[in-house]
Amino acid sequence: MPNVDYSALAASYDVEAARAAFPIKTLSVTPAGEGHKVLSFGIPSYNAAKDMDHCISSILEGSKCASDIEIIIVNDGSKDETGAKADEWEARYPGIVRVVHQENGGHGMAVRAGLREARGTYYKVVDSDDWLDADALATMLQLLRGFEERDLRVDLFISNYVYEKVHEGTHATISYRMALPRKKVFTWGDIGRFRPDQNLLMHSLCYRTDVLRAHELPMPPHTFYVDNIYAYVPLPNCETLYYADIDLYRYFIGREGQSVNEEIMVGRLDQQFRITRIMMQAYHLYEDVPQEKLRSYMMGYFTMMMAICSVFTKLSDKPGIEDELAALWAELKAYDEKMYRKARHGVIGIGTNLPGKLGEKTTVGMYHLASKIFKFN
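A few points on the structure. In this numbering scheme, every chain counts its residues from 1 along its sequence in written order. Only residues with pLDDT of at least 70 are given local features in this predicted model, and only at 80 or more are side-chain atom pairs given and counted; all residues enter the totals for whole chains, interfaces and linings. Only heavy atoms go into the side-chain values, all of them from the structure, while hydrogens and water stay out.

Once that is clear, we can look at the overall build of the chain. Scanning the chain for helices and strands turns up 16 helices and eleven strands. Remark: exposure states derive from per-residue accessible area (1.4 Å probe, protein chains only) relative to the maximum for the residue type, with buried under 20%, exposed over 50%, and partly exposed in between. Among the 377 residues that make up the chain, the fraction classed as buried is 56%. Partitioning the intrachain contacts of the chain with sequence separation of at least 6 by distance along the chain shows that 79% fall at a separation of at least 24. For accessible areas, the Shrake-Rupley method is used with a probe of radius 1.4 Å. Any residue's cover is judged against the shown protein chains and nothing else. Just so you have it, the chain exposes about 16,300 Å², and 52% of that area is on carbon and sulfur atoms. A run of DSSP states H or I qualifies as a helix once it reaches four residues; a run of E qualifies as a strand once it reaches two. Both are numbered from the N-terminal end. Contact criterion: two residues are considered in contact whenever any of their non-hydrogen atoms come within 4.5 Å of each other.

Lines fitted to the C-alpha atoms define the axes, with helices restricted to the stretch that makes contact. Angles between their N-to-C directions range from 0 to 180 degrees. One way to put it is that helix H3 (residues 52–63) packs onto helix H6 (residues 134–149) with a least axis distance of 7 Å and a crossing angle of 55 degrees. Considering their axes alone, H3 and H6 lie oblique with respect to each other. By crossing handedness, the relation of H3 to H6 is classed as right-handed. Touching Ser58, Ile59, Glu61, Gly62 and Ser63 of H3 are Ala134, Leu137, Ala138 and Leu141, all from H6. Angles are sorted into four bins: roughly parallel if under 35 degrees, roughly antiparallel if over 145, roughly perpendicular if 65 to 115, and oblique for all others. Note on convention: the crossing is left-handed when the near helix lies turned anticlockwise from the far helix by less than a right angle, right-handed when the turn is clockwise.

Stacked, tilted and edge-to-face pairs are distinguished by plane angle, under 30 degrees for stacked and over 60 for edge-to-face with tilted covering the rest, among Phe, Tyr and Trp rings (Trp via its six-membered ring) whose centres lie within 6.5 Å. For the structure on display, the rule yields 14 aromatic pairs. Centre to centre, the rings of phenylalanine 157 and tyrosine 242 are 6.0 Å apart; their planes meet at 15 degrees, and the pair counts as stacked. With phenylalanine 157 in strand E7 (residues 156–165) and tyrosine 242 in strand E11 (residues 241–252), the pair connects residues that are 85 residues apart, well separated along the chain. On the basis of relative accessibility, which here comes to 10%, the residue tyrosine 242 falls in the buried class. Pairing phenylalanine 194 with tyrosine 297 gives two aromatic rings, centres 4.6 Å apart and planes at 50 degrees, and the pair type is tilted. Here phenylalanine 194, found in the loop between strand E9 (185–186) and strand E10 (205–208), pairs with tyrosine 297, found in helix H12 (residues 292–315); they are 103 residues apart in sequence, far enough to count as distant. On the basis of relative accessible area, tyrosine 297 is assigned to the buried category, the value being 5%.

This brings us to the side chain of asparagine 75. Here asparagine 75 is to be found in strand E3 (residues 69–76). Overall, asparagine 75 belongs to the buried group, its relative accessible area being 9%. The definition of a polar contact used here is a pair of N or O atoms within 3.5 Å, where within protein one atom must be able to donate a hydrogen and the other to accept one, and adjacent residues in sequence count solely through side-chain atom pairs. Within the local environment of asparagine 75, its side chain forms a polar contact with the side chain of histidine 101, the two groups lying 3.1 Å apart. Excluding residues within four positions of it along the chain, asparagine 75 makes contact with Ser45, Thr82, Gly83, Val100, His101 and Gln102.

This part takes up the pattern of salt bridges. The rule for a salt bridge is simple: a side-chain nitrogen of Lys or Arg has to be within 4 Å of a carboxyl oxygen of Asp or Glu. According to the stated counting rule, one finds 16 salt bridges in the structure shown. Between aspartate 197 and arginine 195 there is a salt bridge, and its shortest N-O distance comes to 3.0 Å. The salt bridge partner of lysine 318 is glutamate 324, with a shortest N-O separation of 3.2 Å. Taking relative accessible area as the criterion, glutamate 324 reaches 29% and is therefore assigned partly exposed. The network of salt bridges with shared partners includes Glu70, Arg98, Arg116, Glu117 and Arg119.

Below, the discussion takes up the nonpolar core. In this structure, Leu39, Ile71 and Tyr230 are the most contacted members of the largest nonpolar core, which totals 111 residues. Of the residues forming this core, the biggest block, ten residues, is contributed by H12. Per-domain counts for this core show at least three residues from each of domain 1 (32–253) and domain 2 (262–374). Not counting residues within four places of it along the chain, the set of residues in contact with leucine 39 comprises Asp68, Ile69, Glu70, Gly120, Thr121, Tyr122, Tyr123, Lys124, Met140, Leu141, Leu144 and Cys206. Definition of nonpolar core: a set of buried residues of the types Ala, Val, Leu, Ile, Met, Phe, Trp, Tyr and Cys, connected through side-chain atoms within 4.5 Å. Each domain's limits were defined by an automated method or a database of domain assignments.

Looking at the secondary structure, you find alanine 172 in strand E8 (residues 170–174). Considered as a pair, alanine 172 and valine 162 are ten residues apart in the sequence and their alpha carbons are 5.5 Å apart.

Moving on, we get to helix H10 (residues 269–280). End to end, H10 covers 16 Å across twelve residues, agreeing with the expected 16 Å (1.5 Å per residue, within 8%). Counting buried residues in H10 gives ten out of twelve residues, a clear majority hidden from the surface. Burial in H10 covers these residues: Leu269, Gln271, Gln272, Phe273, Ile275, Thr276, Arg277, Ile278, Met279 and Met280. Here the expected span of a helix is defined as 1.5 Å times the quantity of residues minus one.

Attention now moves to the environment of aspartate 68. By the element assignment, aspartate 68 lies in the loop between H3 and E3. Residue class for aspartate 68 comes out buried when judged on its relative accessible area of 17%. For the pair aspartate 68 and leucine 39, spaced 29 residues apart in sequence, the C-alpha to C-alpha distance is 7.0 Å.

End to end, H3 covers 17 Å across twelve residues, agreeing with the expected 16 Å (1.5 Å per residue, within 8%). Residues of H3 that are buried include every one of Met52, Cys55, Ile56, Ser58, Ile59, Leu60, Gly62 and Ser63, and no others. Buried residues belonging to H3 abut strand E2 (37–45), E3, helix H4 (82–92), strand E6 (131–132) and H6. After H3 finishes, the residue lysine 64 shows a positive phi value of roughly 55 degrees.

Right, let's talk about the pairing of E11 for a bit. Here E11 lies mainly inside the structure; ten of its twelve residues are buried. In this structure, E6 lies alongside E11, joined through two bridges in antiparallel fashion. Considered in E11, the bridge of leucine 132 is made with tyrosine 249. Only when DSSP finds a minimum of two bridges between them are two strands counted as paired. Direction of pairing for E7 relative to E11: parallel, over a ladder of nine bridges.

This next bit is on the environment of histidine 345. Checked against the element boundaries, histidine 345 lands in helix H14 (residues 337–345). Residue classification places histidine 345 among the partly exposed residues on the basis of a relative accessible area of 49%. Contact partners of histidine 345, with chain neighbours within four places excluded, come to Tyr340 and Ile350.

See the structure below:
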């Protein structure tokens with residue numbers, strides 16, 4: 001397995017400077033109770049008072065308030081009633097619900113705070129405006145408990161997720177059928193090919209806690225889209241996997257101000273560039289990742305990230321943004337020539353970087369078509 005110094009990687013993108021400018025202080029943490037936990041849920045929560053009850057209730061319902069799970073609500077410096085609500089949940093379910101109060105640090109810092117406090121063998125992130133299907137969660141817990149009873153090590157548990165467009169009354173399920181084996185523990189050598197809409201996202205992943213803690217995740221503070229780092233950087237450290245074909249995670253799409261909204265993504269393009277750079281320098285994929293099928297999957301994921309940067313550059317009217325994109329591609333070429341060739345001169349790289357005004361319109365049109373087909377925002 002590659003041995004990457006993730007702390008140094010994160011610091012190379014001025015994370016330490018950002019932390020100095022925006023110090024993250026944990027204000028209070030609920031003491032851990034007694035008893036073994038098979039699964040810890042981290043719930044990053046910022047101004048989440050309107051949504052968090054549904055999220056927390058769904059976990060309690062699906063787990064039947066079992067004593068071997070814990071819910072860690074991370075109140076990330078909220079300005080509304082999130083902190084008070086979190087404390088109320090903790091008072092109602094002591095030993096199951098715990099609360100971390102910290103100064104605002106952004107989604108990545110909240111994810112890491114939950115991970116730091118987690119006592120479960122496994123750790124899963126559930127954003128405060130999303131929720132879990134009760135029956136699917138019951139199945140998941142049965143499987144995880146079975147792994148422990150048989151002393152079977154599984155580093156990564158994968159399940160399906162559902163885009164819930166509540167305001168439209170529609171939903172779209174992302175499953176991994178045909179890409180992953182079912183009903184068995186497997187390795188990266190057993191995986192198949194992933195369609196463009198089948199990337200493993202934070203919603204579909206549940207890591208063993210010790211895998212995530214083996215290296216500090218380079219998730220910078222006050223930055224959106226860090227979930228891509230979470231779903232990419234730890235993968236080579238996962239040796240054994242299990243896929244459950246259950247529609248567990250319900251991902252709410254359509255909230256005002258949501259980070260995947262097209263207009264907002266254009267406005268936060270600098271953050272997209274920042275995350276893509278961190279992913280770029282996490283690995284020399286063709287040197288650091290020996291598993292061929294995993295390497296191919298990760299190259300596809302990284303290519304998608306570069307494509308997003310290219311497409312949203314074309315949607316942006318920010319002066320000099322084309323030069324910033326050119327600098328990103330040049331940086332990739334200097335960092336790893338082979339990764340550059342795969343990302344830039346493959347079908348996706350060519351299709352998202354067509355020259356001229358006609359090429360720009362074609363690229364944007366292809367993106368909007370893909371958005372309609374795969375329903376990702």
